[in-house]
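Take a look at the letters that make up each chain.
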Amino acid sequence: MFAILGLIYHRTLSDDRTARVLGIPDGWFWAVAYSAICVTVELFLNRGGLLIWDYAWWNAGPLAVLPILVFGYLWFFLAAKFAIERPTLRARVTVPVALAGVAVVFNIIGLGLLGLRY
């Protein structure tokens, strides 16, 4: 499901940039909705023992799922929205390349300089 959800999100978005769902711009509405769907799937997987969260604060409480929603999924859909809205192919490709670059830099800092381990 997670492998194709970005494609589903892209197909869900309206071609009209001014489109709204329940008064919210459709890109934002669907980003939050799909993030909530992902969190719900994670909750079911966790409850079934198929997905184990390693951190004590990462549990199924109402406020504890908020970081999963925001940091786990919402940024992904918003980055996809941002990339989709770029005017040229080069600009669209730049978005995931820049995000991958940020991840590499953070890994170099965390693993190399700070000595953190996964």
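Treat the numbers as computed from the prediction; the structure is a model and nothing was measured.

> Would you explain the overall build of the protein in this entry?
Secondary structure assignment for the protein yields 4 helices and 2 strands. Of the regular secondary structure in the protein, the N- to C-terminal order runs α-β-β-α-α-α. Considering only C-alpha atoms, the protein reaches an extent of 45 × 35 × 20 Å along its principal axes. A total of 118 residues make up the protein; the buried ones form 24% of that total. Intrachain contacts of the protein at a sequence separation of at least 6 include 48% that bridge at least 24 residues.

> Explain helix α4 (residues 89-113) to me, please; I cannot follow it from the model alone.
Since the α-helix advances by 3.6 residues per turn, residues separated by three or four positions end up pointing in the same direction. The end-to-end C-alpha distance of α4, which contains 25 residues, comes to 35 Å, matching closely the 36 Å that a straight helix rising 1.5 Å per residue would cover. A positive backbone phi angle near 75 degrees is found at G115, which sits one or two residues after α4.

> Explain the packing of aromatic side chains to me, please; I cannot follow it from the model alone.
What describes a pair of aromatic rings is the distance from one ring centre to the other and the angle between the planes of the rings. Across all of its chains, the model carries 6 aromatic pairs by this definition. Residues Y9 and Y34 carry aromatic rings whose centres are separated by 6.1 Å and whose planes lie at 85 degrees to one another, so their mutual orientation is edge-to-face. Of the two residues, Y9 sits in helix α1 (residues 5-12) while Y34 sits in helix α2 (residues 26-47), which places them 25 residues apart along the sequence. For the residue pair Y9 and Y34, the accessibility class agrees, reading buried in each case. Taking the centre distance of 4.9 Å and the plane angle of 85 degrees together, the rings of F29 and W30 count as edge-to-face. Over the aromatic face of F82 sits the side chain of R86, whose NZ or CZ is 3.8 Å from the ring centroid.

The rules behind each value
- Residues numbered from 1 in each chain as written.
- Predicted model: local features only at pLDDT ≥ 70, side-chain atom pairs only at ≥ 80, totals over all residues.
- Heavy atoms only, no water.
- Helix = DSSP H or I, 4+ residues; strand = E, 2+ residues; numbered from the N terminus.
- Buried < 20%, exposed > 50% of the residue type's maximum accessible area, 1.4 Å probe, protein only.
- Contact = heavy atoms within 4.5 Å.
- Expected span 1.5 Å × (residues − 1).
- Phe/Tyr/Trp six-rings, centres within 6.5 Å; stacked < 30°, edge-to-face > 60°.
- Lys NZ or Arg CZ within 6 Å of the ring centre and 35° of its normal.

Function-wise, these values are silent; they only describe arrangement.
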